[in-house]
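Read off the chains here:
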Amino acid sequence: HGRATLRRGHMWLFITTKEKFHGFVDSEWQGSKGEKARDNGTAEEAKATCVEEPEVKKFKPDTEEGNKAGKPDSKRLRGQNKSRPHKKPTTYDEKRLCLSVIQENRECPFGDKCYFYHDIAEYMASKPADIGESCYLYDTFGKCPFGLCCRFAKAHTTPDFKTMENTDLVKAREGKIPVKNSLSKDLQYRLRKHSVAFEKSAEYLKTLSNNRDKKEQQGNGKSEARAAQVSAGPTGGSNKQPPVKTVGPLTDADVIKLRPCEKKQVDFRDKLYLAPLTTCGNLPFRRVCKRLGVDITCGEMAMCTNLLQGQQSEWALLKRHESEDLFGVQVEGCFPDTMTRCAELINNNTEVDFVDINSGCPIDLVYKKGGGCGLMTRTRKFEQIIKGMDYVLDVPLTVKIRTGVQEKSNMAHKLIPEMKNWGVSMITLHGRSREQRYTKLADWDYITTCSKLAGPIPLFGNGDILSYEDAMKAKETGVAGIMIARGALIKPWIFTEIKESRHWDISSGERLDILRDFSNFGLEHWGSDTRGVEKTRTFMLEWLSFMCRYIPVGLLERVPQKINERPPYYMGRNYLESLMASQNVGDWVRISEMLLGPVPKNFNFLPKHKANSYK
């Protein structure tokens, strides 16, 4: 990878070494924030509580693929910290307030044996100190649903421990549902008892089994006719009819009947699309991107089998905020029956504008079961999945694919003409293969070729877009629109830059304000109690593991920054800009402490992605 070229002549900036950089960041933190941090015992804990990264994994040969290619020594580096520790959110709450106290006028069913606090004064004395003076939930909605458990409780608690309400705000928000697509208890119960009816799915799956039977009958009929000819001899039996009548060629009308109602139409063209991002593409992050100009948002990848089982954690990935005006969900699966039923379930129980099939996921867990990228090599199953989902959906069906599985064996150009006939409304192409991952640049020449094959169906291009110049070059290839993934994690204001056709030399203060918005949205989504605060912090740290790669425009000798460029260690124009440039986990924790208060004593964090392609 190249190295970013930084200016050397500025009096406020100089390229430095790793040791000097971290020495400066540590000394400044101790000087400006250290007094307060020492009092709380967090200045050193911020680094001490972060889990040390495990040793860099050795190159592991992928035996299956290596043997297939005839190269047993071929090696591949895996890019995730798979053995990282997983903390349950409950571990951060040593002892909580009993639910019977929170829900007033209710007797605790456990009596004296109850483990939780019943004395409010005792609980308030043992509770961690409040993070701030004002509660975002109380200021926005007029009341805080977390009451005394809120980490900003002083803002809405009376001296006698009663929770206050702002009646004007409560009335103004009455009847509004800011987040949709939640899983109801009734639906969850019916899914677990297998009592949900999938009528349209049953119709489609019946046609599949009928077609399979017809083919078997045709095969049996032909073999019986050949046997009769052999037994009758060269002249005998020439006037006899075959025992089974032929049924003719299989047409689309046999498989899928025309729908009585017309599908909802969505205009995807010339829009900016935020990619569905596992872990980081959560609802609070999507809200941040909506504020900064993105047009299309999509939920994180959800496993169809988990949705059909009514798993609460999987259904949380389908949630939609009221600000997301063009929103879709992405599902992953490898069989026509489960994917078709899942599509019908989503169609009948959620509000979405489109449903996307993930056939580009490269991870082993998904691929080896035949899902994700594996669907591209199982074209018959892929066709049945697309046709089945299209049959049961009232909204457009889209597909996200890669160039192929092997690095030098592209296959998207063969699939795209077929998918047009299967019922797809839009295709997104990531310009890399599964084998390639992120080790090389995306192939935009190949995306150009595929966009011509896709017409009239819109094809979105995806890969390596980090500036408005990259976006302009991508649009010149003839794609209908562009999808942005890592670029949005590194600099979510990229959507503003593209729409305004400019480079935004955003200040460190403005970047901190974006993080503050995320923390507020996170507290609204995950909760303002200790569990919610720490969950918000964890997702913020995951995001900061990407955001730290951004190099301020004002420090670059050559604009724009490229996504595969690694900067040398450098000092920013102020302390906060230098802190945000650090790739040390402990420094990310310090940034989170500015917004979410000190970390708990037992807190630890290791980022999900090692980002080997960047190092």
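The name an unreviewed UniProt entry assigns to the protein is tRNA-dihydrouridine(47) synthase [NAD(P)(+)], from the organism Scophthalmus maximus. Recorded in UniProt for the protein, the comment headed Sequence similarities (unreviewed entry) runs: "Belongs to the dus family. Dus3 subfamily." Looking at the protein in UniProt, the text filed under Cofactor (unreviewed entry) is "FMN".

The nonpolar side chains of a soluble globular protein tend to be buried with one another. Formed by 144 residues in total, the largest nonpolar core has its most connected members in Val355, Ile357, Met389, Met419, Ile482 and Leu515. When residues in this core are grouped by element, the largest group, eight residues, is from helix α24 (residues 530–547). Apart from the residues lying within four places of it in its own chain, the contact partners of isoleucine 357 are Val331, Met339, Leu375, Phe382, Ile385, Ile386, Met389, Leu397, Thr398, Val399 and Lys400. By size, the runner-up hydrophobic cluster in this structure holds nine residues, among which are Val101, Cys108, Cys114 and Tyr117.

Moving on, we come to empty space enclosed by the protein. Under the criterion given, the structure shown has three cavities of 30 Å³ or more. By volume, the second largest cavity amounts to about 50 Å³. Each residue belonging to the lining of the second largest cavity can be placed in one class, and the counts come to seven nonpolar, three polar and one charged.

Turning our attention to the UniProt feature "domain: C3H1-type" (unreviewed entry) in the protein. The sites that carry the UniProt feature "domain: C3H1-type" (unreviewed entry) are, in the present numbering, residues 92–121 and 134–159. Along residues 134–159 one finds 23% helix and 0% strand; the C-alpha atoms at either end are 16 Å apart.

A word on unusual backbone geometry. Following glycine 455, the chain continues into proline 456 via a peptide bond in cis, with omega recorded as 5°. Structurally, the position occupied by proline 456 is in the loop between α19 (444–454) and β12 (459–462). Valine 559 connects to proline 560 through a cis peptide bond whose omega is 5°. With respect to the helices, strands and loops of the structure, proline 560 is situated in the loop between α24 and α25 (575–580). One non-glycine residue, aspartate 270, adopts positive backbone phi at about 60°. Mapped onto the secondary structure, aspartate 270 falls in the loop between α11 (252–255) and β4 (272–274). One non-glycine residue, threonine 279, lies in the positive phi region at around 75°. If you trace the backbone, threonine 279 turns up in the loop between β4 and α12 (283–291).

The next subject is the environment of methionine 472. For methionine 472, the position within the fold is in helix α20 (residues 468–475). Judged by its relative accessible area of 30%, methionine 472 is partly exposed. A C-alpha to C-alpha distance of 8.1 Å links methionine 472 and isoleucine 498, two positions 26 residues apart in sequence.

The rules behind these values
- Residues numbered from 1 in each chain as written.
- Predicted model: local features only at pLDDT ≥ 70, side-chain atom pairs only at ≥ 80, totals over all residues.
- Heavy atoms only, no water.
- UniProt positions renumbered as here; feature names shortened; annotations may be inferred.
- Core = buried A, V, L, I, M, F, W, Y, C linked by side-chain atoms within 4.5 Å.
- Buried < 20%, exposed > 50% of the residue type's maximum accessible area, 1.4 Å probe, protein only.
- Helix = DSSP H or I, 4+ residues; strand = E, 2+ residues; numbered from the N terminus.
- Contact = heavy atoms within 4.5 Å.
- 1 Å grid on protein atoms, 1.4 Å probe; cavity = no way out; pocket = protein on both sides within 12 Å on 5 of 7 lines; lining within 4 Å.
- Points joined across faces, edges and corners; volume = space filled by probe spheres on them.
- Nonpolar A, V, L, I, M, F, W, Y, C, P; charged D, E, K, R; others polar.

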